[in-house]
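Listed below, chain by chain, are the residues.
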Amino acid sequence: MENENNNAQHFLDLIQKSRKGKFKIYIGMSAGVGKTFRMLQEAHSLLKNGIDVKIGYIETHMRKETHELLAGLPIIPRRTIFYKGKELEELDVQAIINLRPEVVIVDELAHTNVEGSKNEKRWQDVLEILEAGINVISAVNIQHIESLNEDVKRITNIDVQERIPDNVLRLADEVVNIDLTSEDLIARLKEGKIYTPDKIQTALTNFFKSEQILQLRELALKEVASQVVRKVENEVPNLHALRHEKLLACISSNDKTAKIVIRKTARLSSYYNGLWYVLYVETPQESSNKIALDKQRHLINNFKLAVQLGAEVIKLESRNIADAILATVEEKQITTVCIGKPHLNLFKVILSTTIFRRLLNKLSLSNVDLVILS
């Protein structure tokens, strides 16, 4: 009976998946690589082939070559919103769903909608359109990927505020990297093809440095490569007899390190196309009546971050952190345990006893990997 239920659920999942729109994302290392240009070129190609394609929202930034490509493409009018005395424009999700084009182009996937909109983020608008059975082509820069936030901050010294959860990227049926060399990108900038003349020098001395572009380019290439690996594993499951990875991120109430462990475990999970969990063990010293309010708030925010990145959060109460980790490893059949560097509160507790050695021994005997993240 259980097998019959599983088969029925699998068939239902296939039906629901077929009803959803297909999702294509153009990704790039920075502004100006040509994502919007390529989306508009594709729109023209689809239109010539008899496909009902419409522009839902496009941002040309008044770049001449890109703006000229709008000619001849049907555009769905934007929704007008009055906010703080200003007239602003947003993607009209309902208009798109009502018109039901075969394909809709929606730029700026990481955009934050004006306050008062139905959805807070544009990627949520896109998911709604996909659920309605409409195919979507969109674009995003690599610095907007949530789990790469710390890496991007380290490379550019900029804390990017508009971000999309990694699982949005994983929902894409196709991810295409628009690649340029750093030399070509800087040349485009100097030629005025990215920003207006008054902004060129500022861009060259800040974001558009050759060494930064190279590192961002590497992130973009790695992200698309991992997407290809996932696609192969999902569509050709018997190609390799690899174990199915399950990762466990162990965090404490240390806010900064918890974020690092969560984001890096999310990246590993994405690379290995595996399930992952975040474990927080509440010891008597960190019970809700003893832990500081700001730490409680940070902890809740980290749980939310983990869920956004696709994790299942596990919260346990125990006097012994190592035992709680081992119990979770066994219960969830974890293949890789991820923890922070030894200066963490989590490690201080473990290292203060002989249990840490037992933890390592148990994990090694169980063929479970231990990854220490910095």
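In the annotation of an unreviewed UniProt entry, the protein is listed under the name Two-component system sensor histidine kinase KdpD and assigned to Flavobacterium cutihirudinis.

**Student:** Teacher, can you tell me more about the packing of helix α11 (residues 255-272) against helix α12 (residues 293-308) here?
**Tutor:** When two helices pack together, their arrangement is given by the angle between the helix axes and the distance between those axes. Viewed as axis vectors pointing N to C, α11 and α12 meet at an angle of 10°, and their least axial separation amounts to 10 Å. Between α11 and α12, the crossing angle belongs to the class labelled roughly parallel. In this structure, α11 contributes Asp255, Ala258, Lys259, Ile262 and Arg263 to the contact, and α12 contributes His298, Asn302, Leu305 and Ala306. In the contact of α11 with α12, the residues fall into 4 nonpolar, 2 polar and 3 charged.

**Student:** I'm lost on the packing of aromatic side chains in this one. Help?
**Tutor:** The description of two aromatic rings rests on the distance between their centres and on the angle between their planes. Evaluated as defined, the whole model comprises 3 aromatic pairs. Each ring, one from tyrosine 195 and one from phenylalanine 208, has its centre 6.0 Å from the other, and the planes form 90°; the classification is edge-to-face. With tyrosine 195 in the loop between α8 (182-190) and α9 (197-205) and phenylalanine 208 in the loop between α9 and α10 (210-235), the pair connects residues that are 13 residues apart, well separated along the chain. You can call tyrosine 195 partly exposed: its relative accessible area is 29%.

**Student:** Before we go on, may I ask you to explain the side chain of arginine 263 in this structure?
**Tutor:** Take arginine 263: it is sitting in helix α11. Setting aside its immediate chain neighbours within four residues, arginine 263 contacts Glu146, Ser147, Asn149, Glu150, Arg163, Leu305 and Leu309.

**Student:** Hey, could you run me through the sheet that holds strand β6 (residues 135-141) in this one?
**Tutor:** By way of backbone hydrogen bonds, the strands of a sheet pair with one another, either parallel or antiparallel. The strand order across the open sheet formed by 5 strands is β2-β5-β6-β1-β7, and the pairing between neighbours is parallel. Both outer strands of the open sheet, β2 (53-57) and β7 (174-178), are each paired with one neighbouring strand and no more. The mean inter-strand angle of the sheet, taken between neighbouring strand axes irrespective of direction, is 20°. The pairing of strand β1 (residues 23-28) with β7 spans 5 bridges and is classified as parallel. Bridged to glycine 28 within β7 is isoleucine 178. Together, β1, β2, β5 (103-106), β6 and β7 form the strand contacts of helix α2 (residues 35-48), whose direction differs from that of β6 by roughly 165°.

**Student:** What is the right way to read the pairing of strand β9 (residues 275-282) from this model?
**Tutor:** On a regular strand, one side chain projects to one face of the sheet and the next to the other, so that they alternate. β9 sits mainly inside the fold: 7 of its 8 residues count as buried. Taken together, the 6 bridges between strand β8 (residues 246-251) and β9 define a ladder with parallel strand orientation. Looking across to β9, one finds that cysteine 250 is bridged to leucine 279. Between β8 and its parallel partner β9, the chain crosses via α11, and the hand of that crossover is right-handed. With 6 bridges connecting them, β9 and strand β10 (residues 312-317) associate as parallel partners. Its bridge partner being in β10, tyrosine 280 is matched across the sheet by lysine 315.

**Student:** What is the right way to read helix α6 (residues 149-156) from this model?
**Tutor:** Residues that lie three or four places apart on an α-helix share one face, since the helix turns once every 3.6 residues. Within α6 the residues assigned to the buried category are Asn149, Val152, Ile155 and Thr156. An end-on view of α6 places all buried positions within 130° of arc, on one side of the element. Positive phi appears at asparagine 157, one or two residues downstream of α6, with a value of about 65°.

**Student:** I tried to follow the pattern of salt bridges on my own but got confused; where do I start?
**Tutor:** Two side chains that carry opposite charge are able to pair once their charged atoms sit near each other. Taken as a whole and assessed by the stated rule, the structure comprises 24 salt bridges. Here lysine 20 and glutamate 131 are joined by a salt bridge, their closest N and O atoms 3.4 Å apart. Here lysine 20, found in the loop between α1 (2-19) and β1, pairs with glutamate 131, found in helix α5 (residues 122-131); they are 111 residues apart in sequence, far enough to count as distant. Glutamate 131 sits in the exposed class, given a relative accessible area of 54%. Across the pair arginine 122 and glutamate 90 runs a salt bridge whose closest N-O atoms are separated by 3.3 Å. Of the two residues, arginine 122 is situated in helix α5 and glutamate 90 in strand β4 (residues 86-90); the sequence distance between them amounts to 32 residues.

What counts as what
Residues numbered from 1 in each chain as written. Predicted model: local features only at pLDDT ≥ 70, side-chain atom pairs only at ≥ 80, totals over all residues. Heavy atoms only, no water. Axes fitted to C-alpha atoms, helices over the stretch in contact; angles between N-to-C directions. Helix = DSSP H or I, 4+ residues; strand = E, 2+ residues; numbered from the N terminus. Parallel < 35°, antiparallel > 145°, perpendicular 65-115°, else oblique. Contact = heavy atoms within 4.5 Å. Nonpolar A, V, L, I, M, F, W, Y, C, P; charged D, E, K, R; others polar. Phe/Tyr/Trp six-rings, centres within 6.5 Å; stacked < 30°, edge-to-face > 60°. Buried < 20%, exposed > 50% of the residue type's maximum accessible area, 1.4 Å probe, protein only. Pairing = 2+ DSSP bridges. Right-handed = clockwise from strand over helix to strand, strands pointing away. Arc of directions from axis to C-beta. Salt bridge = Lys/Arg side-chain N within 4 Å of Asp/Glu carboxyl O.

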